[in-house]
Amino acid sequence: MRAAVLAVDAGNSKTDVAVVTAAGEVLATARGGGFRPPVVGVRAAVDEVAGAVARAFAEAGVDRVEHVSACLANADFPVEERELAEALRARDWGVSVEVRNDTFAILRAGVAEPRGVAVVCGAGINCVGMRPDGRTARFPAIGRMSGDWGGGWGLAEEALYHAARAEDGRGGPTELAFTLPAHFGLDSMYALIEALHLEHIAQARRHELAPVLFATAAAGDPVARSLVDRLAEEVVAMAAVALTRLELLDEETPVVLGGSVLAARHALLDDRVRELLAARAPKAVAHVVTARPVLGAALLGLDRTGVTAEAQVRLRTHFG
């Protein structure tokens with residue numbers, strides 16, 4: 001078949017699909033809406049993917065591929081991966097189907113072979129690792145109950161917490177009490193808290209507070225700086241544990257940093273992550289990946305038959 005792999009990268013906010021050949025040629029791409037099975041159910045979530053797949057298949061002139069490589073948000077446990085794989089098999093898009101958590105797509109997009117660790121910090125935080133022999137390392141990464149701290153949403157909550165307490169006297173002083181409300185044109189934390197509570201400011205806009213936190217830290221605020229330092233510690237802790245589980249701690253190994261928070265390359269965070277990683281995992285080689293994760297999903301699909309260097313170059317050139 002001309003089309004070897006249907007690559008799917010489905011996140012909470014958008015879905016990217018690509019139809020590629022074994023030689024790494026991209027026959028078609030398409031984009032769809034967010035993939036949120038916990039909110040809408042598995043069937044409706046897969047329906048959203050199906051629309052993008054139909055457009056890509058039509059453009060590529062195919063109705064089936066050899067393999068479906070799907071990296072999906074909310075596939076946090078093996079049982080969820082199996083359930084979602086069954087739902088994709090029912091669509092008959094390919095001879096075989098493999099579902100992974102979407103963090104694996106970011107990892108594979110950032111490494112030359114399926115070997116390394118990725119820490120992703122966007123709305124939340126997650127970490128995965130893999131070796132060519134198929135061994136993986138991962139975390140549940142479903143929030144505080146699974147031991148997570150960080151991500152854009154978590155940083156926003158921490159910043160609001162400290163700013164609110166600074167304004168009313170329960171906590172120590174921090175410039176966050178002024179910079180956070182000022183971002184929304186407000187003059188106090190009380191006004192910001194009220195606006196968020198009454199949804200005069202949409203809850204979805206809370207993620208805008210993470211860059212304000214980093215700017216406040218860069219300006220020298222000790223409280224904001226402490227939150228940046230803690231995030232760096234969390235990133236390195238996850239990476240070091242994954243490297244240890246995969247017995248890669250003593251080998252030169254790539255550590256891929258991805259997601260909107262890490263990809264923004266905030267100097268304080270980036271420098272602190274590298275400093276702590278050098279101390280805890282001296283042979284780790286950290287770098288930020290900005291390539292579209294659907295590239296990683298495609299490479300994971302081609303890994304099944306042994307992706308050639310030429311095919312990998314073609315794919316990376318296409319997706320940038």
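A brief structural summary. (Residues numbered from 1 in each chain as written. Predicted model: local features only at pLDDT ≥ 70, side-chain atom pairs only at ≥ 80, totals over all residues. Heavy atoms only, no water.)

## Considering a nonpolar patch on the surface
Thinking step 1. Where nonpolar side chains cluster on the molecular surface, the patch consists of Phe 77, Val 79, Ile 142 and Met 145 and spans about 420 Å² of accessible area.
Thinking step 2. Assignment of secondary structure puts Phe 77 in the loop between strand E4 (65-72) and helix H3 (78-89). (Patch = residues over 30% accessible without salt bridge, like charges linked within 9 Å, V, L, I, M, F, W, Y side chains within 5 Å. Areas by Shrake-Rupley, 256 points an atom, 1.4 Å probe, with all protein chains shown as cover. Salt bridge = Lys/Arg side-chain N within 4 Å of Asp/Glu carboxyl O. Helix = DSSP H or I, 4+ residues; strand = E, 2+ residues; numbered from the N terminus.)

## Digging into the packing of helix H8 (residues 209-218) against helix H9 (residues 222-245)
Thinking step 1. Closest axis-to-axis distance for the H8/H9 pair is 8 Å, and the angle between their directions is 115°. With respect to H9, the axis of H8 lies roughly perpendicular. The chirality of how H8 crosses H9 is left-handed. Mapping the contact onto sequence places Leu 213, Phe 214, Thr 216 and Ala 217 in H8 and Ala 224, Arg 225, Leu 227, Val 228 and Leu 231 in H9.
Thinking step 2. A per-class count over the contact of H8 with H9 returns seven nonpolar, one polar and one charged. (Axes fitted to C-alpha atoms, helices over the stretch in contact; angles between N-to-C directions. Parallel < 35°, antiparallel > 145°, perpendicular 65-115°, else oblique. Left-handed = near helix turned anticlockwise from the far one by under 90°. Contact = heavy atoms within 4.5 Å. Nonpolar A, V, L, I, M, F, W, Y, C, P; charged D, E, K, R; others polar.)

## Quick word on the packing of aromatic side chains
Thinking step 1. The final tally for this structure, using the stated rule, is zero aromatic pairs.
Thinking step 2. Its end group placed over the ring of Phe 104, Arg 100 keeps NZ or CZ at 5.6 Å from the ring centre.
Thinking step 3. Positioned above the aromatic ring of Phe 139, the side-chain terminus of Arg 245 is 4.7 Å from the ring centre. (Phe/Tyr/Trp six-rings, centres within 6.5 Å; stacked < 30°, edge-to-face > 60°. Lys NZ or Arg CZ within 6 Å of the ring centre and 35° of its normal.)

## Overview of the sheet that holds strand E7 (residues 125-130)
Thinking step 1. Spatially, the five strands line up as an open sheet ordered E8-E7-E6-E9-E10, and their pairing is mixed. Where the open sheet ends on each side, the last strands, each with one partner, are strand E8 (136-138) and strand E10 (284-288). The sheet shows a mean angle of 15° between the axes of neighbouring strands, direction not considered.
Thinking step 2. Pairing of E7 with E8 involves three bridges; the strand directions are antiparallel. Of the residues in E8, the one forming a bridge with Gly 129 is Ala 137.
Thinking step 3. Against the sheet, helix H11 (residues 267-280) contacts strand E9 (253-258) and E10, and its axis sits at roughly 165° relative to E10. (Pairing = 2+ DSSP bridges.)

## A closer look at the sheet that holds E4
Thinking step 1. Taking strand neighbours across the sheet as the criterion, the five strands line up as E3-E2-E1-E4-E5 in an open arrangement whose pairing is mixed. Unpaired on one side and paired on the other, strand E3 (26-32) and strand E5 (94-101) mark the two borders of the sheet. The mean angle between the axes of side-by-side strands here comes to 15°, regardless of whether they run parallel or antiparallel.
Thinking step 2. Relative to E4, strand E1 (residues 5-10) is paired through six bridges, and the arrangement is parallel.

## Digging into helix H5 (residues 151-168)
Thinking step 1. With 18 residues, H5 should reach 26 Å at 1.5 Å per residue; the first-to-last C-alpha distance of 26 Å fits that figure.
Thinking step 2. Every buried residue of H5 is listed here: Gly 151, Gly 152, Gly 154, Leu 155, Ala 156, Ala 159, Leu 160, Ala 163, Ala 164 and Ala 166.
Thinking step 3. After H5 finishes, the residue Gly 169 shows a positive phi value of roughly 100°. (Expected span 1.5 Å × (residues − 1). Buried < 20%, exposed > 50% of the residue type's maximum accessible area, 1.4 Å probe, protein only.)

## Things to note about the pairing of strand E6 (residues 116-121)
Successive side chains on a regular strand alternate, one facing one side of the sheet and the next facing the other.
Thinking step 1. Of all six residues in E6, six are buried, a share of seventy percent or more.
Thinking step 2. Where burial is concerned, the two faces of E6 agree: the one with Gly 116, Ala 118 and Val 120 and the one with Val 117, Val 119 and Cys 121 are both buried.
Thinking step 3. Pairing geometry for E6 and E7, over six bridges, is antiparallel. Note that in E7 the partner of Val 119 across the bridge is Cys 127.
Thinking step 4. Joining the antiparallel neighbours E6 and E7 is a turn of three residues.
Thinking step 5. Pairing of E6 with E9, which is carried by four bridges, proceeds in the parallel orientation. Within the sheet, the bridge partner assigned to Ala 118 lies in E9 and is Val 256.

## Brief notes about the pattern of salt bridges
Thinking step 1. Scanning the model with the defined rule gives 17 salt bridges in all.
Thinking step 2. For Asp 133, the salt bridge identified is with Arg 135, shortest N-O distance 3.0 Å.
Thinking step 3. Here Asp 133 falls in the exposed class, since its relative accessible area comes to 51%.
Thinking step 4. With a relative accessible area of 33%, Arg 135 lands in the partly exposed category.

## With respect to the pairing of E10
Thinking step 1. Of the two faces of E10, only one is covered, namely that formed by Ala 284, Ala 286 and Val 288; the face formed by Val 285 and His 287 stays uncovered.
Thinking step 2. Bridging between E9 and E10 involves five bridges; their strand directions are parallel. Bridge assignment links Thr 253 to a residue of E10, and that residue is Ala 284.

## Structural notes on the side chain of Glu 81
Thinking step 1. If you trace the backbone, Glu 81 turns up in helix H3.
Thinking step 2. We classify Glu 81 as buried; its relative accessible area is 13%.
Thinking step 3. If near-sequence neighbours (up to four positions away) are discounted, Glu 81 is found in contact with Ala 75, Val 99, Arg 100, Asn 101 and Arg 138.

## Some details on the environment of Arg 230
Thinking step 1. Mapped onto the elements of the fold, Arg 230 is located in helix H9.
Thinking step 2. Since its relative accessible area comes to 34%, Arg 230 is described here as partly exposed.
Thinking step 3. Taking the C-alpha atoms as reference points, Arg 230 and Arg 272, separated by 42 residues in sequence, lie 9.7 Å from one another.

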